[in-house]
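# Structure at a glance
Each chain, letter by letter, is given below.
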Amino acid sequence: SGATTMCQFAALPVLKNAGSITKKINAEMKKRRDIFVHELNKTFKTNIPKPDAGLYVFVPLKALGWKGSDSQEFCRLAIEKSGVAMVPGRAFGKEGYVRFSYGERSPILIAGIQTLAKFIKTRRS
């Protein structure tokens, strides 16, 4: 159906300022991407490249120090044992990979990477 008149008027300022809002969001997402990839590479001693676009990074399980290649099982264990959520690469035809989102605030991204590293370390021990 349709949006109410009140909602349409409320949306006007957003539409009128979309250009400046988009620039701010793009800058913030690039900052989060850079922090996420830097922290991931530092923590796991790997060299995952920064994606050119999007809000996601595909990472091979081997780069995380995980010996298996079942991305679905890894994601299940990670969310159950550490509370860190990822999407199995299998869903995208990339078995042996996981997809991370860097859409969250930077401190939470860093904490998630550190928590994931602790989980993986305890599973190897």
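All of the points below concern the structure found in this document. No experiment lies behind these values; they were computed from the predicted model shown.

Rules and cut-offs
- Here, residues in each chain are numbered from 1, in the same order as that chain's written sequence.
- Note on the predicted model: pLDDT of at least 70 is required for a residue's local features to be given, and 80 or more for side-chain atom pairs to be given and counted; whole-chain, interface and lining totals, by contrast, use all residues.
- As a convention, hydrogens and water are excluded, and side-chain values are obtained from all of the structure's heavy atoms.
- A run of H or I in DSSP counts as a helix once it spans at least four residues, and a run of E counts as a strand once it spans at least two, with each numbered from the N terminus.
- The size measure is the radius of gyration over C-alpha atoms, and the globule rule it meets is 2.2 Å times the number of residues to the 0.38 power.
- A simple rule labels every residue: compare its accessible area, found with a 1.4 Å probe on the protein chains alone, to the largest value its type can have, and call it buried under 20%, exposed over 50%, or partly exposed in between.
- Only heavy atoms matter for contacts: two residues are in contact if any of them lie within 4.5 Å across the pair.
- Any two strands between which DSSP finds at least two bridges are classified as paired.
- Salt-bridge detection follows one rule: a side-chain nitrogen of Lys or Arg within 4 Å of a carboxyl oxygen of Asp or Glu.

This next bit is on the overall build of the protein chain. Each helix and strand counted, the protein chain has four helices and three strands in total. In sequence order, the protein chain lays out its α and β elements as α-α-β-α-β-β-α. What you see for the protein chain is a C-alpha radius of gyration of 18 Å, clearly larger than the 14 Å of a compact globule of 125 residues, by over 25%. For the C-alpha atoms alone, the extent of the protein chain along its principal axes is close to 60 × 30 × 25 Å. Considering the protein chain as a whole, with its 125 residues, one finds that 31% of them fall into the buried category.

Our next topic: the side chain of arginine 33. Considering the arrangement of structural elements, one finds arginine 33 in helix H2 (residues 18-44). Taking relative accessible area as the criterion, arginine 33 reaches 14% and is therefore assigned buried. When sequence neighbours within four positions are dropped, the list of residues in contact with arginine 33 reads Lys50, Pro51, Asp52 and Tyr102.

Within the element layout of this structure, leucine 64 appears in the loop between strand S1 (56-60) and helix H3 (71-82). Since its relative accessible area comes to 2%, leucine 64 is described here as buried. Excluding its chain neighbours within four sequence positions, the residues that come into contact with leucine 64 are Leu40, Phe44, Val59, Phe74, Val98, Phe100, Leu116 and Ile120.

Every second residue of S1 is oriented toward a common face, the buried set being Val57 and Val59 and the non-buried set Tyr56, Phe58 and Pro60. Sheet topology note: the S1/strand S3 (residues 97-101) ladder contains five bridges and is antiparallel. By the bridge assignment for S3, tyrosine 56 is matched with serine 101.

Before going further, it helps to spend a moment on the pattern of salt bridges. Under the defined criterion, the tally for this structure stands at nine salt bridges. Of the charged contacts, one joins arginine 33 and aspartate 34 as a salt bridge, the two residues approaching to 2.9 Å between their closest N and O atoms. Among the salt bridges present, the one from glutamate 104 reaches arginine 105, with a minimum N-O distance of 3.5 Å. Here the residues in one salt-bridge network are Arg33, Asp34 and Lys50, joined through shared partners.

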